[in-house]
Amino acid sequence: MGKEMAGPLAGTIVVDLTRVLAGPYATMLLSDLGARVIKVEAPGAGDDARHFPPFVEGDSAYFASVNRGKESIALDLKDEADRAILFRLLERADVLVENFRPGALDRLGLGWHALHARCPRLILASVSGFGQTGPDSARPAYDVIVQAMGGIMSVTGHPGQPPVRVGTSLGDITAGLFTALGIVAALHARGPRGEGSRIDVAMLDCQLAILENAIARFQVSGEDPAPLGSRHPSITPFQAFSTADRPIVIAAGNDALFRALAEALGLPGLADDPRFSSNSLRTAHWQELETLLNQALSRAPAAHWLQALEQAGVPAGPVNGLSAALANPQVAARNMLVTTNLPSGAPLKVAGNPIKASNFPDSPRRAPAPALDQHRAALLAWLDSSAGQEA
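The rules behind the values
Residues numbered from 1 in each chain as written. Predicted model: local features only at pLDDT ≥ 70, side-chain atom pairs only at ≥ 80, totals over all residues. Heavy atoms only, no water. Pairing = 2+ DSSP bridges. Helix = DSSP H or I, 4+ residues; strand = E, 2+ residues; numbered from the N terminus. Axes fitted to C-alpha atoms, helices over the stretch in contact; angles between N-to-C directions. Contact = heavy atoms within 4.5 Å. Parallel < 35°, antiparallel > 145°, perpendicular 65-115°, else oblique. Left-handed = near helix turned anticlockwise from the far one by under 90°. Nonpolar A, V, L, I, M, F, W, Y, C, P; charged D, E, K, R; others polar.

K.L.:
Please clarify how the sheet that holds strand β9 (residues 238–241) should be interpreted in this entry.
P.N.:
Strand pairing in a sheet relies on backbone hydrogen bonds. The paired strands run either parallel or antiparallel. Strand order in the open sheet formed by three strands is β9-β10-β11, and the pairing between neighbours is antiparallel. At either end of the open sheet lies a strand with only one pairing partner, and these are β9 and β11 (316–318). Ignoring strand direction, the axes of neighbouring strands in this sheet form an average angle of 20 degrees. The sheet contact formed by strand β10 (residues 248–251) and β11 spans three bridges and is antiparallel. Along β11, the bridge assignment pairs V249 with G317. Packing against the sheet, helix α13 (residues 302–312) makes contact with β10 and β11, and its axis sits at approximately 20 degrees to β10.

Below is the structure:
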């Protein structure tokens, strides 16, 4: 019983206690890779994300976008009978994913030590704002909190302007990615007969993990990195520029590419200018170079320059809005806009899976998002059937 989907994780059963975004995003990735995901929700209201707009025929598109292909059962974890059903699910599962505040599972009798004693092969993956340890572990967190505390907002935006949140929920999404990776690693380490393990992912930790060269620059200079707009702190030119009609981005990551850029823009002597003859010099004189490049690019529209730069082999691209990004033929060629259905049956286009594996199909359709408690009867019948087979 359950969703059959080809993928490297086919046969893996995941019980998903998570809500909103970080945890559901992780389990969506596992589902896209073939795992069977059983979503356990609170009776009555279900996942908070079911009540987030936009809505289509009364169903949340937000919820459907990260819960497609899952099964749903509503259980009250404080109710003894419902908790017994959960334990029956866990006895057959490979992974339990949860995003309660640290300590909540222990109070429900579902803490790591109790679960490991009862289900030794089970992997428990916990994703929370600040992790299971440390002085802030009990604090609540949302995406904007960890973006602010983790330093991402301090390097985002333009100099001298108020703090800017990254335009997508980077705090949640990175935590979801690291959680999914941790689960796959734990499954690999466990093997067919090994013991399960505890995976502990903190949203704050994930923000620090993706700061890459900002941490290195601080360690070397002792100075807090500042926001730079679209500009790169160490590579120049590597940013957005104006043209006669709309902005484009150019990334000339080495001296050869910079020389090709200068020639494509009709500035053949620019690469030999002593201010710009190396990347370190270009970075030191970025303001002068930015002015010269904007002046040259203002002579023609974006389409002209994108064609010229492509012919010259210089990496460049348009600054797209979402409509243009989704209409890009490359997106269709990569199957990165797929169709699922809301619980009502209404179709919804959502992002596809960027992991393309040669030995598994990448379907243009995904199984629908579930209605709350939709699969209760089928799941209970499966548990009864499994118990009978084991007996």
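The discussion continues.
K.L.:
What is the right way to read the sheet that holds strand β1 (residues 13–16) from this model?
P.N.:
Within the open sheet, the six strands sit side by side as β5-β2-β1-β6-β7-β8. Their pairing is parallel. The sheet is open, and its two borders are formed by β5 (71–74) and β8 (198–202), each paired with just one other strand. In this sheet, neighbouring strand axes are inclined to one another by 20 degrees on average, regardless of whether the strands run parallel or antiparallel. As paired strands, β1 and strand β6 (residues 95–98) are joined by three bridges and run parallel to one another. Each residue of the ladder has a partner; that of V15, found in β6, is L96. Along the sheet, helix α3 (residues 80–92) makes contact with β1, β2 (36–41), β5 and β6, crossing β1 at roughly 150 degrees.

K.L.:
Is there a simple way to explain the packing of helix α1 (residues 22–32) against helix α7 (residues 170–190) in this structure?
P.N.:
Think of two packed helices as two axes; the pair is described by the angle between the axes and how far apart they sit. Direction vectors running N to C along α1 and α7 enclose 45 degrees, while the axes themselves pass 7 Å from each other. Judged by the angle between their axes, α1 and α7 are oblique. Seen along the crossing, α1 lies across α7 with a hand that is right-handed. Residues A22, Y25, A26, L29 and L30 of α1 form the contact with α7, whose participating residues are D172, I173, A175, G176, L177, T179, A180, I183 and V184. Taken together, the residues of the contact of α1 with α7 sort by class into eleven nonpolar, two polar and one charged.

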